[in-house]
Amino acid sequence: MDRWEILLWVVLPYAAVAVFVTGHWFRYRRDQYGWGARSTQLLESRALRYGSNLFHLGALAAIGGHVMGILVPRSLTDAVGLGERSYHVIAGVGGLVAGGAATAGLLILVWRRAHYPRVRVTTTRMDVATFGLLAASILTGMWATIANVIDEALYRETVAPWFRGLLTLDPDPSLMAGVPLAFAVHVSIVWLLYALWPFSRLVHVWSIPIDYFRRSPISYRGAVGAARARR
Amino acid sequence: MRIRAQMGMVMNLDKCIGCHTCSVTCKNVWTNRRGTEYVWFNNVETKPGRGYPRDYEDQERWKGGWELDKHGRLRLRAGGKLKKLATIFHNPDLPTLDDYYEPWTYDYEHLISAPSSDVQPVAQPISQVTGDPLKLERGPNWDDDLAGSETSAALDVDRRGLEEQVRIEFEQAFMMYLPRICEHCINPSCVASCPSGAMYKREEDGIVLVDQEACRSWRYCVSGCPYKKVYFNWQTGKAEKCNLCYPRLEAGLPTVCSETCVGRLRHLGVVLIDSDRVEQAASVPDEHDLLQAQLSLFLDPEDPEVRAQARRDGIADDWIEAARRSPVYALAKRFGVALPLHPEYRTLPMVWYVPPLSPVESLIEHTLDPDAGADDVFGTIEQLRIPVEYLASFLSAGDPEPVRASLRRLMTMRAYMRAKNLHGEAEAQVAHDVGMSVEDLEEMYQQVAIADYHDRYVLPKRHGELSASVLVDQGACGIDFTQPGVQAPDPAGAAEGPAEDFDLRRYLVEPMRGEEGSPDGR
């Protein structure tokens, strides 16, 4: 087996996951103050309304699609009577809509960040890197989606089992040997995004306020003898 | 009954001269950092005027505070938790910087570095956010002293429906000042709006704070607060707000705004409240009953049973004693002259105001002869639709009666003390006419007219010895800084030295330094 294949399809994923996990652990412990979405809505609201909603909803839908395409094995969709043909249509249409929305949203957000000086000054180097990798991930993802619509690549036979192999600590890089370039590039870039994730503002994803639904409306914290209610 | 101690403030508006000293000293202490240039924990507004941020009182637009649903239950005006989660990517009710103002400084450097020329060099305004030249179109006190009132005071939200009465024509104009800080509400809608649970009320004194480490930048507190007294630090992406100078209060010192107030118009004190009935009080159907409902939460510290219960609920004896001497309790409940700001928001605010007589008096001067007796003045207060109704529009949910009652007592106090000073005696009947005893009236005089330091500020110290651990709450207290060691911008504009260690935070939160130089000379 090519050493590059092992590097790309075994070492890179596990290295990225290792950074992802330890990075989050480290940052959560050491940088609560920096942990958040760092919203810029105060500085510019109108473009954000379209950009942010399109991007977030598109990205969430795309993530849902990935879960369906990668984590759900083909045998399961076959078992529930979803044929290859209809799966392909659903994946293609869904992927184009979700990816299209995320792309449009991201373009608006990038334009907004560059165009409005107020937003520009709040941009950190980490933000530039994050935007760059996000854009690369989404654009290559669109490329793969479109390529897949034109010429069906049976990624559920290659990428998906390879990914599940990573999860079960039994990776088989040979599965990735013949995947179309679009998929290979997309997958590799996303690993880099994972490695960057814990150090970027993307950590806000893990702070979805689920607790809000359980908490009583008015929170009290006492100085005297009370345990501190955290997050 | 579960009793809590709640810190409160009363401002005597008759004494406010609009000097903004409170705002400036507050700013110098708390918000002179990058990201908070536009943040005024304390500001002073001219009424009639649009307020800060502009038109903040227009809850149809901003959806701050609480309302009753059709079953009479209390709910956030901005909608429920599901709606918040659905709009978390873009909060539709959030003001932008333009609703406040883009903070600016001046390009002073140009004054000394400009090349020789025939004309004087000019320091032009530059944005403190971007460093770019800025056309000044709005500011934190743009309509100070009715400046531009044709376009600003005319748009005052509180004037709606009273346009005919509250005239802004020059000859008939009146104005007053309204200093505002966070209300440290008993039923704070900002706390209820916070998805992260970062906002909380301190159990021991009711101060509302933002845990800077738990804040996740969802910004619903900013839109949820009807007073717009939670601000968003655009540099750190965290909410910040007035913390009632709790480090000073804990040491028995008044807030900075109070301490530096040249009019000595602020009073600080503790009120014992029945915390079990808060929701009930905030849910009374008629807005006009909210004042009485909130007053019913303020328990009488002279009642031995209240004191015994307070002790059982863990309130220290010196705090209970402070509650007995509390100027807030006295002015709000015993004397009944202080009123809450916009009780109709149902947040049960704890910064109250003694309504000003001065706009009333200025009208009396026009309509009565200078030697008019108290009776004439009373008659005038009764008849006046302005500015009583205008005051009522923001101090008593539009009900003129509490404002009239307060003004009547204040006038009576003046007449009574004047008679006593000039003639050596005064009729007790005048006090009884406004439902007060002579003792109360004289005590009220001591409180609102003499107002010695120790009468204005009755502040029991914090019982630090009872705290589980002081260090555990580090960072949770509403103050934090992006870089340890660099805590405030150097006003002289000295360049920052290189960081000593690699600090991840520099990458995560510090914006890039542009080649064209950074704003405000930093």
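A quick note: this is a predicted structure, and the numbers were derived from the prediction, not measured.

Thoughts on the overall build of chain B
Piece 1. Along its length, chain B carries 21 helices and 14 strands.
Piece 2. Burial status across chain B gives 58% buried among its 522 residues.
Piece 3. Carbon together with sulfur atoms contributes 51% to the accessible area of chain B, which is approximately 21,600 Å² in total.

A closer look at the interface of chain B and chain A
Piece 1. Contacts between the two partners involve 74 residues from chain B and, on the opposite side, 54 residues from chain A.
Piece 2. Buried surface at the junction of chain B and chain A, summed over both partners, amounts to about 5,800 Å²; 60% is from carbon and sulfur atoms.
Piece 3. Counting across the interface, chain B meets chain A through three salt bridges.
Piece 4. Between Arg 118 of chain A and Asp 98 of chain B there is a salt bridge, and its shortest N-O distance comes to 2.6 Å.
Piece 5. Our count for the chain B to chain A interface comes out at 29 residue pairs in polar contact (both at pLDDT 80 or more).
Piece 6. Within the residue set of the side of chain B that touches chain A, elements represented by two or more residues are α3 (81-86), α5 (189-193), β8 (199-202) and α21 (504-508) of chain B.

Examining the sheet that holds strand β1 (residues 220-221) of chain A
Piece 1. The strand order across the open sheet built from three strands is β1(A)-β8(B)-β9(B), with neighbouring strands paired in mixed fashion. Taken across any chain shown, the strands that pair with only one partner, and hence form the sheet edges, are β1 of chain A together with β9 (208-210) of chain B.
Piece 2. The sheet contact formed by β8 of chain B and β9 of chain B spans three bridges and is antiparallel. Looking across to β9 of chain B, one finds that Tyr 200 of chain B is bridged to Leu 209 of chain B.

Examining the sheet that holds strand β14 (residues 351-354) of chain B
Piece 1. The sheet built from four strands is open, its strands ordered β12-β1-β14-β13 (chain B) with mixed pairing. Either end of the sheet is taken by a strand with one partner, and the two such strands are β12 (266-274) and β13 (339-340) of chain B.

Details of the pairing of strand β10 (residues 230-233) of chain B
Residues and elements named next belong to chain B.
Piece 1. Going residue by residue along β10, you find Val 230 and Phe 232 tucked away on one face and Tyr 231 and Asn 233 tucked away on the opposite face as well.
Piece 2. The pairing of β10 with strand β11 (residues 238-241) spans four bridges and is classified as antiparallel. Bridging from a neighbouring strand, Val 230 pairs with Lys 241 of β11.
Piece 3. Linking β10 to β11, which pair antiparallel, is a turn of four residues; within it Gly 237 sits at a positive phi near 75 degrees.

Re the pairing of strand β7 (residues 176-180) of chain B
Residues and elements named next belong to chain B.
Piece 1. Counting buried positions over the five residues of β7 gives five, a clear majority of the element.
Piece 2. Here β7 shows two buried faces, one formed by Met 176, Leu 178 and Arg 180 and the other by Tyr 177 and Pro 179.
Piece 3. In terms of strand pairing, strand β2 (residues 43-47) meets β7 through five bridges, oriented antiparallel. Counterpart to Val 44 in the pairing with β7 is Pro 179.

Quick notes on helix α17 (residues 400-423) of chain B
Piece 1. Here α17 of chain B spans 34 Å end to end across 24 residues, near enough to the 34 Å set by a 1.5 Å rise per residue.
Piece 2. After α17 of chain B finishes, the residue Gly 424 of chain B shows a positive phi value of roughly 80 degrees.

What about the environment of Arg 219 of chain B?
Residue and element names in this part refer to chain B.
Piece 1. When you line up the elements, Arg 219 lands in the loop between β9 and α6 (220-224).
Piece 2. Separated by 29 residues in sequence, Arg 219 and Cys 190 have C-alpha atoms that sit 9.6 Å apart.
Piece 3. There is a polar contact of 3.3 Å between the side chain of Arg 219 and the backbone oxygen of Ser 217.

So, the nonpolar core
Piece 1. Residues Tyr 38, Met 199, Phe 298 and Trp 352 of chain B are the most contacted members of the largest nonpolar core, which totals 137 residues.
Piece 2. If one sorts the elements of this core by residue count, α17 of chain B sits on top with seven residues.
Piece 3. Setting aside anything within four residues of it in sequence, one finds Tyr 38 of chain B in contact with Leu 42 of chain A together with Tyr 52, Leu 97, Tyr 100, Tyr 101, Pro 103, Tyr 231, Phe 232 and Trp 234 of chain B.

Concerning the packing of helix α7 (residues 159-167) of chain A against helix α8 (residues 181-196) of chain A
Residue and element names in this part refer to chain A.
Piece 1. Packing of α7 against α8 leaves a shortest axis separation of 12 Å and a crossing angle of 25 degrees. What the angle tells us is that α7 and α8 run roughly parallel. Relative to α8, the crossing made by α7 is right-handed. Taken together, the residues of α8 that come into contact with α7 (itself represented by Val 159, Trp 162, Phe 163 and Leu 166) are Phe 183, Val 187 and Trp 191.
Piece 2. Looking at the contact of α7 with α8, its residues break down into seven nonpolar, no polar and no charged.

Focus on the packing of helix α2 (residues 46-71) of chain A against helix α4 (residues 84-115) of chain A
Residue and element names in this part refer to chain A.
Piece 1. One way to put it is that α2 packs onto α4 with a least axis distance of 7 Å and a crossing angle of 150 degrees. The orientation of α2 relative to α4 falls into the category roughly antiparallel. Crossing of α2 over α4 shows left-handed handedness.
Piece 2. For the contact of α2 with α4, a count of residues per class yields 19 nonpolar, five polar and one charged.

Topic: unusual backbone geometry
Residue and element names in this part refer to chain B.
Piece 1. Looking along the chain, the bond that leaves Lys 47 and enters Pro 48 is cis, with omega of -5 degrees.
Piece 2. As for its placement among the helices and strands, Pro 48 is situated in the loop between β2 and α2 (59-62).
Piece 3. Put simply, Tyr 52 and Pro 53 share a cis peptide bond, and its omega is -10 degrees.
Piece 4. Structurally, the position occupied by Pro 53 is in the loop between β2 and α2.
Piece 5. Positive phi, normally seen in glycine, also occurs at His 184, with a value near 45 degrees.
Piece 6. The topology assignment puts His 184 in the loop between β7 and α5.
Piece 7. With a phi close to 45 degrees, His 342 is a non-glycine residue in the positive phi region.
Piece 8. Inspection of the secondary structure puts His 342 in the loop between β13 and β14.

What counts and what doesn't
- Residues numbered from 1 in each chain as written.
- Chains lettered and ligands numbered in written order.
- Predicted model: local features only at pLDDT ≥ 70, side-chain atom pairs only at ≥ 80, totals over all residues.
- Heavy atoms only, no water.
- Helix = DSSP H or I, 4+ residues; strand = E, 2+ residues; numbered from the N terminus.
- Buried < 20%, exposed > 50% of the residue type's maximum accessible area, 1.4 Å probe, protein only.
- Areas by Shrake-Rupley, 256 points an atom, 1.4 Å probe, with all protein chains shown as cover.
- Contact = heavy atoms within 4.5 Å.
- Buried area = accessible area lost by both parts, 1.4 Å probe.
- Salt bridge = Lys/Arg side-chain N within 4 Å of Asp/Glu carboxyl O.
- Polar contact = N/O pair within 3.5 Å; in protein donor to acceptor, adjacent residues only side chain to side chain.
- Pairing = 2+ DSSP bridges.
- Expected span 1.5 Å × (residues − 1).
- Core = buried A, V, L, I, M, F, W, Y, C linked by side-chain atoms within 4.5 Å.
- Axes fitted to C-alpha atoms, helices over the stretch in contact; angles between N-to-C directions.
- Parallel < 35°, antiparallel > 145°, perpendicular 65-115°, else oblique.
- Left-handed = near helix turned anticlockwise from the far one by under 90°.
- Nonpolar A, V, L, I, M, F, W, Y, C, P; charged D, E, K, R; others polar.

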